[in-house]
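Descriptive analysis of the structure
The chain contents come next:
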Amino acid sequence: MRFETPTSVDQAVALLAADPEARVLAGGTDLLVRLRAGQVAPSVIIDIKRISEMTVISQEDGGWRIGAAVPSAEMNEHAALKADWPGVVEAADLIGSTQIQGRATLAGNLCNASPAADSVPAMVVAGALARIAGPNGTRDVAVQDIPSGVGKTSLGKGELVTSIYLPPKPAHSGDAYLRFIPRSEMDIAVVGCGVAVALDDQGKISAARVALGAVAPTVILSQSCADTLIGTTGDDAALDALAAAATAEAKPIDDKRGTIAFRKDVAGVLAKRAAKIAIARAKGEA
Amino acid sequence: MPKDEYQSRDFKVVGTRPIRPDGIDKVTGKARYGADITAPGMLWGAILRSPHAHARIRGIDTSKARAIKGVKAVITRDDFTYQPEDSDMADILDNCMAGETARYDGHAVAAVAATSKSIARAALAAIEVDYEVLPHVTDVDEAMKPGAPVIESGRQQENVPKGYSENVTGRSQYGHGDPEEGFKQADLVIKRSFKTAATHQGYIEPHACLATLGSDGQGDLWVCTQGHYMVRNVCAGVLGLDAGQLRVTASEIGGGFGGKTHVWMEPTALMLARKSGKPVKLMMSRDEVFRATGPTASSSVDVKIGMTKDGKITGAAATYRLQAGAYPGGIAFLSAMCGFAPYDLENVRTEGFEVMTNRPKAAAYRAPGAPMGAYPVESVIDELCQKLDLDPLDARLKNAAREGTKSSYGPTYPAIGLEATLKAAQSHPHWTAPLGPNQGRGVACGFWFNFGGDTCVSLMVNPDGTVSLSEGNPDIGGSRASMSMMAAEELGVPLDQVRTIIADTASLGQNEVTDGSRVTFAVGLATIKAARHAVEIMKERAAMTWGIDPEAVDWRDGAAHPAGPNAGKFPPMTIKEIAAIASNTGGPIAGHHEVNAEGAGVSFATHMVDTEVDPETGAVKVLRYTVFQDAGKAVHPDYVEGQFQGGAAQGIGWAINEEYIYGDDGRLQNAGFLDYRIPVASDLPMIEPVILEIPNPGHPYGVRGVGETSIVPPLAAIANSVSRAAGVRLTSLPMSPPKVLAALKAE
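In this convention, every chain numbers its residues from 1, walking through the sequence in written order. The naming scheme follows written order: chains are lettered A onward, ligands numbered 1 onward. Totals for whole chains, interfaces and linings use all residues, but because this is a predicted model, local features are given only for residues with pLDDT of at least 70 and pairs of side-chain atoms are given and counted only at 80 or more. Side-chain numbers come from the whole structure's heavy atoms, not from hydrogens or water.

Going by an unreviewed UniProt entry, chain B carries the name Xanthine dehydrogenase family protein molybdopterin-binding subunit and comes from Aquicoccus porphyridii.

The name given to chain A in an unreviewed UniProt entry is Xanthine dehydrogenase family protein subunit M, with the source organism recorded as Aquicoccus porphyridii.

Shown next, in the form of structure tokens:
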């Protein structure tokens, strides 16, 4: 097993393209666990933390570009980023423990392609784009299009995610992410839900995005959930309709972490609770 | 009968809170745990485990593994040529290395020793096992039915009634009076069935050992265990060695809670060492710990209790069915003994069924059998109180066992502390604190026998007057601190003059494992007696020096004094002065004591807990928790409080989230700490410990064991709290959110 530390994206792409058994190491909070458990045995590990452009958070066209090697702890301490996209930052802040957050990255969470990834529903409702570098150059893809199944991504040979772009925060908007876990921390989402809303001048919801995690092989970005909110003030009737829609949209499985009935119920509960927070943030109340 | 050992006294050291002697090494990483021991030329061992819940092993081909460079030994059951006559030893051998049949997912079938971990892993992958998969059963109620897959034929005891599967290996019965008559006198009778899941002790440190075994028959084993004498005896018994030729040294221990009172892999390490001629280190992964060491039993229980309108229990009955796992044994008899032990009952009968299943052999876990013994009983008592509109503490006080009560399991109690814990609970501010919406308060009582057993202690007075104390029990709950404190108390010397170590098996006589909350009681008793022995010798030396009779010498404040004016006028001789001239007064000075300690006082606790239930998700949050327990005498109150808190914390996990989850294929689905959810710090409130001290007549200082009782009440206390908060009675553990939400929606 080789360990490579490229210092440029081009070098990383070349290493990755040269070996189909190569694996990218960002924080390593998933890869190293699998290595130790004997579940993976890559021929080459490509550590991207020496690529300087991938280790920074920078403002770009009113939005935020977050390098693929930026740990979530740095996001959590970035006041301006947190002010714009508190839901995304909070979602990343839920992953693992304090120690894990010193390493874990948004891009790693995305490319690990777990249905239960906490940051992904939050990024999806924020309209985040993943920048992909590969042998044929660079392209930007909506984050929801990266995971293609459990543990699978749509990335091509030699491609890696180099950064996540969060667009400019719309006026009178807010986002939120909530997950359900049986413990209070150090756990994995049984259900996750991200909600982002924008209000018009009358305080009505003019735009909404709702994404459900851990209730399907990949994140569900639900138009029917969003429709229950759009045009309303987020009143109780709208929130109840949202909960019902989220329950209907969730397509979970029975497993050791929860039953189908439980996950569908809790998807509704979380959608309602996350929407309340997002609306309050849009109103500047939270 | 408990001996009348107790004498009231004013303590100088006992009851204080000195810094623990093992603290600095542990926080600086210098302490040596099982996996920290290495030896020159050491090989790495690894074990191949069955992926099947139940399978006949038709053949094992190890030729490819043996051909790998760096592989120094490959063993299967065929290498264990000694066949123990004792059936317990034969079962342990079969559990360490499967014979004809793999009995559970994770059962060891082969092992290797190699020059690196990765070569050892590659060798495991190269071993070919030809399995014939057999039908399996992992549920206790299913396993009892006639026609269930039989784990091993011919192990059923004669006391099992007809009509059960051979998997039911034993039945026990306890009690007195006639419950049916009692139920007729009751104003309300409630009968309910309960289930608890198998839970693991969840110790942080996985099992690890380093073994040598030469062709001369001499061996050494360094191992993380709760009882190295037990490990020596079992390894000798399983491998046909002389116990005296095998020296076992206990490492520091990162938790055990009963799970390290058994042998799971040490004979394998010794066999690999013998075959390779090299020291072999064997360590379990967390996955192996979950799959191949014993959790405690899951249970299925029926309870029926009758109560009058004013809270008197008139009749009580319970049937306990517990999983023993893949080998005969089991702890249902302990559930049947403990369930009603807190109460003074005229009519009580219990029975316990021990049931084999295709799961790992169940192991001891902190008060084995008692938590699932108490949970159904305390739940039904709570429900009776709710329906009869009675205060649950008053009702328990009305039925509480006292000195002179004939217990539900037979013996008559001497002085005990249950009433004191209930009264302390009643007068504590927690009991009357207001509750918010969706919140509930639960209480429950619990009992544990406590234990004494074989114990040896040696106390050496060094030439400079300092004291070295050797005990033979791994320090899992602060025994080095408490033994040093009791020795210092008895000798009248400052605590820092005494250092206690855990001696290896060649250095002391037989010691029972660190179990049954026995160490502070039994080793403490032996320590006190060893110190008294040393004091007698020192008095003789002083008497010799003064030319007076030894009976005319008193010992106080760390020095010999003439007993009175008639004895003569001599300045006191300190321990330091006596030690300095010991060589000239007869030689080195040491005290020792060897005993099968009896008189371990039983221990009771009452727990009180507030929870809040999220009505939309079923999530349970523990808001406040108070433990009231009788310690007899708290030698080091910090440790005692830690034991109270630790038992409650483990009980919270057991009650709310912990469970072994098996798939239809009989495989364990959650062999890791992600999906086997022990509580994390943020799941727990500060658990308030309230120490009560009702002296144990069987100990010189009144000490009772405290380590286990604290895990007995939490299951029911939390279930009662959650049931009151949710407005629906929960009867199955864990009360995980999906289960609680389903119960709420069914209302």
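Strands are runs of DSSP state E lasting at least two residues, helices are runs of H or I lasting at least four, and both sets are numbered from the N terminus onward. What chain B contains, in helices and strands, is 20 helices and 26 strands. The C-alpha atoms of chain B give a radius of gyration of 27 Å, which matches the 27 Å a tight globule of 747 residues would have. Taken over the C-alpha atoms alone, chain B extends approximately 85 × 75 × 50 Å along its principal axes. Exposure categories follow from relative accessible area, calculated using a 1.4 Å probe and restricted to protein chains: below 20% of the type maximum is buried, above 50% is exposed, and the middle band is partly exposed. A total of 747 residues make up chain B; the buried ones form 63% of that total. Here chain B displays about 26,800 Å² of accessible surface, and carbon together with sulfur accounts for 50% of that area. Charge separation in chain B, taken as the distance between the mean sites of 71 positive and 87 negative side-chain charges, equals 3 Å. With C-alpha atoms as the basis for the radius of gyration, the globule rule is written as 2.2 Å multiplied by the number of residues raised to the power 0.38. Surface exposure here means Shrake-Rupley accessible area, sampled with a 1.4 Å probe, where a residue is shielded only by the protein chains that are shown. Asp and Glu are treated as the negative residues and Lys and Arg as the positive ones, with His and the ends of the chain left uncounted. A charged residue contributes its charge at one atom only: NZ of Lys, CZ of Arg, CG of Asp or CD of Glu.

It is worth spelling out the sheet that holds strand β2 (residues 23–25) of chain A at this point. All names here are of chain A. Two strands make a pair as long as DSSP finds a minimum of two bridges between them. One open sheet accounts for three strands, arranged β1-β3-β2; its pairing is parallel. At either margin of the open sheet sits one strand with a lone partner, and together these are β1 (2–4) and β2. On average, adjacent strands in this sheet sit at an angle of 25° to one another, irrespective of strand direction. In this sheet, strand β3 (residues 44–47) lies alongside β2 in parallel orientation, the contact comprising three bridges. Paired with Leu 25 across the bridge in β3 is Asp 47. Only the stretch in contact is used when fitting a helix axis, every axis being a line fitted to C-alpha atoms; angles between N-to-C directions are given from 0 to 180 degrees.

Turning next to the pattern of salt bridges. Salt-bridge detection follows one rule: a side-chain nitrogen of Lys or Arg within 4 Å of a carboxyl oxygen of Asp or Glu. With the rule as written, the count across this model stands at 64 salt bridges over all chains. Of the charged contacts, one joins Asp 141 of chain B and Arg 321 of chain B as a salt bridge, the two residues approaching to 3.2 Å between their closest N and O atoms. Taken together, the positions of Asp 141 of chain B in helix α5 (residues 140–144) and Arg 321 of chain B in strand β14 (residues 313–325) put the pair 180 residues apart, joining distant regions of the chain. By relative accessible area, which is 12% here, Arg 321 of chain B ends up buried. When the shortest N-O distance is used, the salt bridge between Lys 387 of chain B and Glu 383 of chain B registers 2.8 Å. Taken together, the positions of Lys 387 of chain B and Glu 383 of chain B, both in helix α11 (residues 370–387) and four residues apart, correspond to about one turn of that helix. The exposure class of Glu 383 of chain B is buried, given its relative accessible area of 4%. One continuous salt-bridge network, built from bridges that share partners, spans Arg 183, Asp 187, Lys 256 and Arg 257 of chain A together with Asp 675 and Arg 677 of chain B.

A common measure of how large an interface is: the accessible area buried when the components associate. Residue and element names in this part refer to chain B. Note that the domain bounds reflect an automated or database-derived domain assignment. One can read the domain layout of chain B as domain 1 (23–31 + 452–597), domain 2 (35–134 + 206–253 + 260–292) and domain 3 (299–413 + 420–439 + 603–746). A separation of 37 Å is found between the C-alpha centroids of domain 2 and domain 3. If you look at the interface, domain 2 gives 20 residues, while domain 3 gives 19 residues. Buried area between domain 2 and domain 3, summed over both chains or domains, comes out near 1,700 Å², and the portion from carbon and sulfur atoms is 59%. Simply put, the buried area is the total loss of 1.4 Å probe accessible area from both parts when two parts are fitted together. Sorting the residues of domain 2 by area buried against domain 3 places Arg 103, Asp 105 and Phe 290 first, and these three jointly supply 37% of that buried surface. Counting the contacts that link domain 2 with domain 3 gives zero salt bridges. By the criterion applied in these results, polar contacts are pairs of N or O atoms within 3.5 Å in which, for protein atoms, one can donate a hydrogen and the other can accept it, and in which residues neighboring in sequence qualify only through two side-chain atoms. Connecting domain 2 to domain 3 are 10 residue pairs in polar contact (both at pLDDT 80 or more). Should any heavy atoms of two residues lie within 4.5 Å, those residues are considered in contact.

Glancing now at the interface of chain B and chain A. The interface of chain B with chain A comprises 21 residues on the first partner and 18 residues on the second. Between chain B and chain A, the buried area comes to about 1,800 Å², and carbon and sulfur atoms account for 52% of it. Counting across the interface, chain B meets chain A through seven salt bridges. A salt bridge links Lys 256 of chain A to Asp 675 of chain B; its shortest N-O distance comes to 3.6 Å. Linking chain B with chain A are 13 residue pairs in polar contact (both at pLDDT 80 or more), by the criterion used here. Any residue outside Ala, Val, Leu, Ile, Met, Phe, Trp, Tyr, Cys, Pro, Asp, Glu, Lys and Arg is labelled polar, Gly included; the first ten of those are nonpolar and the last four are charged. Residues that form the side of chain B that touches chain A fall into these classes: 10 nonpolar, five polar and six charged.

The sites that carry the UniProt feature "domain: FAD-binding PCMH-type" (unreviewed entry) are, in the present numbering, residues 1–171 of chain A. With 31% helix and 25% strand, residues 1–171 of chain A has its two end C-alpha atoms placed 50 Å apart. UniProt positions are given in the numbering used here, feature names are shortened, and annotations may be inferred rather than shown by experiment.

Residues and elements named next belong to chain A. Contact pair helix α5 (residues 86–93) / helix α8 (residues 119–126): the axes reach a minimum separation of 8 Å and the direction vectors enclose 170°. Classified by the interaxial angle, the pair formed by α5 and α8 is roughly antiparallel. Residues Gly 87, Val 88, Ala 91 and Ala 92 of α5 pack against Ser 119, Ala 122, Met 123 and Ala 126 of α8. An angle counts as roughly parallel when it lies under 35 degrees, as roughly antiparallel when it exceeds 145, as roughly perpendicular when it falls between 65 and 115, and as oblique in every other case.

This next bit is on the packing of aromatic side chains. Residues and elements named next belong to chain B. For Phe, Tyr and Trp, rings pair up if their centres lie within 6.5 Å, where Trp contributes its six-membered ring, and each pair is then called stacked (planes under 30 degrees apart), edge-to-face (over 60) or tilted (otherwise). One pass over the full model with this rule turns up 19 aromatic pairs over all chains. Pairing Tyr 660 with Tyr 662 gives two aromatic rings, centres 6.3 Å apart and planes at 40°, and the pair type is tilted. In this structure Tyr 660 comes out as buried when scored by relative accessible area, which is 5%. An aromatic cluster is built from Tyr 409, Tyr 413, Phe 447, Trp 448, Phe 449 and Phe 604, whose rings are joined through pairwise contacts.

Our next topic: unusual backbone geometry. All names here are of chain B. Of the consecutive residues Leu 733 and Pro 734, the connecting peptide bond is found in the cis state with omega at 0°. With respect to the element layout, Pro 734 can be found in the loop between α19 (714–726) and α20 (737–746). Here the phi dihedral of Ala 367 falls at roughly 60°; this positive angle occurs in a residue that is not glycine. Mapped onto the secondary structure, Ala 367 falls in the loop between β15 (348–356) and α11. Looking at Ala 367, the relative accessible area reads 0%, which means it is buried.

Turning to the sheet that holds strand β12 (residues 191–199) of chain A, a few remarks are in order. All names here are of chain A. Reading across the sheet, the four strands line up as β11-β12-β13-β14 and stay open at both edges, with antiparallel pairing between neighbours. Bordering the open sheet on either side are β11 (173–180) and β14 (220–221), each of which pairs with just one other strand. Inspection of the sheet shows β11 paired to β12 by eight bridges, in the antiparallel sense. Paired with Leu 178 across the strands is Cys 193, a residue of β12.

Quick look at the domain arrangement of chain A now. Residue and element names in this part refer to chain A. Domain boundaries assigned for chain A yield domain 1 (2–166) and domain 2 (173–282). Of the roughly 1,800 Å² buried between domain 1 and domain 2 on both sides combined, carbon and sulfur atoms contribute 62%. Counting the surface domain 1 buries against domain 2, the share from its top three residues, Pro 115, Pro 121 and Val 125, is 31%. Here domain 1 is connected to domain 2 by two salt bridges. Residues Arg 179 and Asp 118 are paired through a salt bridge, measuring 2.7 Å at the closest nitrogen-oxygen approach.

As a further point, take helix α8 (residues 266–276) of chain B. Residue and element names in this part refer to chain B. Burial of α8 is extensive: nine of the 11 residues sit out of reach of the surface. Taken as a whole, α8 has its buried residues at Glu 266, Pro 267, Thr 268, Ala 269, Leu 270, Met 271, Leu 272, Ala 273 and Ser 276. Downstream of α8 by one or two residues, Gly 277 has phi in the positive range, about 75°.

Moving on, we get to the side chain of Ser 408 of chain B. Structurally, Ser 408 of chain B is set in the loop between α12 (392–399) and α13 (418–427). The contact partners of Ser 408 of chain B, leaving out residues within four places of it in the chain, are Tyr 174, Gly 175, His 176, Met 337, Phe 340, Ala 341 and Val 348 of chain B.

Turning our attention to the environment of Ser 407 of chain B. Residues and elements named next belong to chain B. Mapped onto the secondary structure, Ser 407 falls in the loop between α12 and α13. What makes Ser 407 buried here is its relative accessible area of 0%. Apart from residues no more than four positions distant in its own chain, Ser 407 is found in contact with His 176 and Tyr 413. Among the polar contacts made by the side chain of Ser 407, one reaches the main-chain carbonyl oxygen of Pro 411 at a distance of 2.7 Å.

Residues and elements named next belong to chain B. Following the sequence through the fold, Gly 219 ends up in strand β10 (residues 219–223). Gly 219 sits in the buried class, given a relative accessible area of 5%. With 60 residues separating them in the primary sequence, Gly 219 and Pro 279 have C-alpha atoms 9.8 Å apart. Filtering out sequence-adjacent residues up to four positions away, Gly 219 remains in contact with Thr 212, Leu 213, Gln 245, Leu 246 and Arg 247.

Let us look at the side chain of His 699 of chain B. All names here are of chain B. With respect to the secondary-structure elements, His 699 resides in the loop between β26 (687–692) and α19. The exposure class assigned to His 699 is buried, which follows from its relative accessible area of 0%. One polar contact links the side chain of His 699 to the main-chain carbonyl oxygen of Phe 521, over a distance of 3.5 Å. The residues contacting His 699, other than those within four sequence positions of it, are Glu 5, Tyr 6, Met 486, Thr 520, Phe 521, Gly 524, Leu 525 and Ile 528.

We now examine the pairing of strand β16 (residues 439–448) of chain B. Residue and element names in this part refer to chain B. With nine of its 10 residues buried, β16 lies for the most part within the structure. Sheet topology note: the β16/strand β24 (residues 603–613) ladder contains 10 bridges and is antiparallel. Across the sheet, Gly 446 pairs through a bridge with Ala 605, a residue of β24.

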